[in-house]
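Notes for the structure review
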Amino acid sequence: MILLSLSHIKKTYGEKVIFDDLSLTVDSSKKIGMIGINGTGKSSLLKIMAGLETPDMGEVITSNELVIEYLPQNPVFEEDSTVLQQIFKGTSPFMKVLREYEQTITDLEEKPEDEGLQAKLLELSEQMDRQGAWQLESEAKAILTKLGLLNFNQKVKELSGGQRKKIALAGALIRPCNLLILDEPTNHLDNETIAYLEEVLKNKKSGVVMVTHDRYFLERVTNQIVELDQGKIYEYSGNYEAYLEQKALRESIEERLREKQQSLYKQELEWMRKGVEARRTKQKARKERFYELEESLSNDQKQNLDLNLGTSRLGKKIISLENVSKSFGDKCCVKDFTYTVLRDDRIGIIGNNGMGKSTLLNLIAGDILPDAGKIEIGDTVRIGYYTQESQALDLNMRVIDYVKEQGEFIKTADGSLISASKMLERFLFPPMVQYTPIGKLSGGERRRLYLLGVLMQDINVLFLDEPTNDLDIYTLQVLESFIDDFNGPVITVSHDRYFLDRIVDKLFVYKGNGEILNIPGNYSDYAIREQGEKEAPVEVKKEKVVTTRKEQAPKLKFTYKEQKEYEQIDSVIEQLEDELERLDKEMAENATHFARLQELTKEKEDKEEELAFQMERWEYLNEKAEQIARQ
């Protein structure tokens, strides 16, 4: 069922066109992940879908049965409401009854002998029966318990930021709807909560549209990816992996079209350079085509995030921690921790919210002092520290001036110099944006600018505190590439499993009460090990069984069919690989013939599936052949 349709919509802020002539249809079977560089209008598009903003042009067509639940990046809370009251906010009669019921329960705890409240509770209970609200209340409490919020009557104003985010998330999940719209739902959530949210959304019987940077989340939840790119929208069926494959094909086709346009442009440029007499016979139409082609090539320059900066020399002594401890009141964040940071360290700090992960970074950076123990930092160490708070950017400062504070020219890894303006262009801040105040940038653009400022500081040690919050996937990919080439240690606090798998080879794992384990490997290695320990079978002592020769298993051998398959499988695989190579060449030749290209793409997908199957058979048959040989 189609729930919502955007038709030719346009949205501008001041002189900046966010998107133009954009169309999209959302139906109840879709789990849509929306991606794009910060500032392309993802959050604005979600607000238009949710009915909180209106487009400048175009229309939003909605089904009569549409019921939307929207979770913004920064939810607004009623400070004096309880956890359950906050979840049951809403204007529907259903929610009003639930809210009144929970409030009456709270009031009765204070005045248990009040007959008026007792009568009101009885009346509300009957209304709950009529509307079938008991199940919803039970589900709400179950979700809150899963999220670690056990005191349902606690006031919102008493909760931490992470706990508030969980309340907002629980409310969005529990309130009845057939279209759930989520803006960065995984920000500030720990890994256990994110894994739980994945399962809930995969099984939810409603349409879902979400903006998120979490690539594992996109991989496991979505069945469609929508990409916003320079005011245009591109739709891809499947999850994040399918999106990467389809986008690579699209960009390959576009690159070939661009090459043909450039060739045509050169021919037309020669014609334009000829004298006026030569132009008079065909002038107007051909000149118009030339200018259209020139504008198309000018606007179609592919933007790439690129960062290749030099780093200062790092001596032998870097950072050492010896028996370091830190507490705040009764809360112990770090207990008797010892570690020596190595030049090539790539360390991820993980653990549930509120355990003190950022405290450890602040201790190492020297921003706070330990209660006990010793921290020594080498003389040549220059730390770049990307914090969660962006260190209060001056919103009145121009973008270009912020970068120029690091220098008019910046030294790159190959020793050359690049201007502040060119560096901004590499980091997707075009000239028209560079002279605007920072306050006019989107939240994600400010985070990207702040990241650029940190990385430009001639550093040789990098600390990152939740770097994946509010940064788009493209910026994260550049950060990951920067870390690959960075000649110094990197320590990051993060809940982003993909990011941790991509860059770290060691984990500091918070277990509670200041205990920190030093574990080798990335996040997936750790998760597999933890899961294995939880599911390890209980060892059961078995009686010794004496087996006679007759009872022993028969000798292993190939069946007749397997023997023939084993003899032929190498040539079958080679033939399939040749077929795929032929298809790649034919697709390149038919880059502009979209009907034929579609046929070839389908044929290639079939061949790739067949090759994958044959490779699995090859592994099985060769393993069996080895077992037979060992006999």
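By the naming in an unreviewed UniProt entry, the chain goes by ABC-F family ATP-binding cassette domain-containing protein and is assigned to Candidatus Cellulosilyticum pullistercoris. Of the comments in the UniProt record for the chain, the one headed Sequence similarities (unreviewed entry) reads "Belongs to the ABC transporter superfamily. ABCF family. Translational throttle EttA subfamily."

Some remarks on the packing of aromatic side chains
Given two aromatic rings, their pairing is described by the distance between the two centres and the angle made by the two planes. Applying the stated criterion across every chain, the model contains 9 aromatic pairs. A centroid spacing of 5.2 Å and a plane angle of 65 degrees characterise the contact between Tyr216 and Tyr498, whose relative ring orientation is edge-to-face. In this pair, Tyr216 sits in helix α8 (residues 215–221) while Tyr498 sits in helix α18 (residues 497–503), placing the two residues 282 residues apart along the sequence. For Tyr216, a relative accessible area of 19% puts it in the buried group. By way of ring pairs, the aromatic residues Tyr236, Tyr240 and Tyr243 are connected into one cluster. Taking the ring centre of Tyr216 as reference, the NZ or CZ of Arg220 above it sits at 4.7 Å. A cation over an aromatic ring shows up here: Lys326 above the ring of Phe328, its NZ or CZ 5.2 Å from the ring centre.

Quick notes on the packing of helix α5 (residues 134–146) against helix α6 (residues 161–174)
Between α5 and α6, the shortest axis-to-axis distance is 10 Å and the interhelical angle comes to 145 degrees. Crossing geometry of α5 relative to α6 is assigned as right-handed. Residue-level contacts link Leu136, Glu139, Ala140, Ile143 and Leu144 of α5 to Ala170, Leu173 and Ile174 of α6. By residue class, the composition of the contact of α5 with α6 is 7 nonpolar, no polar and 1 charged.

Concerning the sheet that holds strand β13 (residues 372–377)
The 3 strands lie next to each other as β11-β10-β13, forming an open sheet whose pairing is antiparallel. Edge positions in the sheet fall to β11 (331–341) and β13, since each of these pairs with one other strand and no more. Between one strand axis and the next, the sheet turns through 20 degrees on average, direction left out of account. Bridge count between strand β10 (residues 319–328) and β11: 7 bridges; the pairing is antiparallel. Bridging from a neighbouring strand, Ser320 pairs with Thr340 of β11. Along the sheet, helix α12 (residues 357–365) contacts β10, β11 and β13; its crossing angle with β10, the most-contacted strand, is approximately 130 degrees.

What counts as what
Residues numbered from 1 in each chain as written. Predicted model: local features only at pLDDT ≥ 70, side-chain atom pairs only at ≥ 80, totals over all residues. Heavy atoms only, no water. UniProt positions renumbered as here; feature names shortened; annotations may be inferred. Phe/Tyr/Trp six-rings, centres within 6.5 Å; stacked < 30°, edge-to-face > 60°. Helix = DSSP H or I, 4+ residues; strand = E, 2+ residues; numbered from the N terminus. Buried < 20%, exposed > 50% of the residue type's maximum accessible area, 1.4 Å probe, protein only. Lys NZ or Arg CZ within 6 Å of the ring centre and 35° of its normal. Axes fitted to C-alpha atoms, helices over the stretch in contact; angles between N-to-C directions. Left-handed = near helix turned anticlockwise from the far one by under 90°. Contact = heavy atoms within 4.5 Å. Nonpolar A, V, L, I, M, F, W, Y, C, P; charged D, E, K, R; others polar. Pairing = 2+ DSSP bridges.

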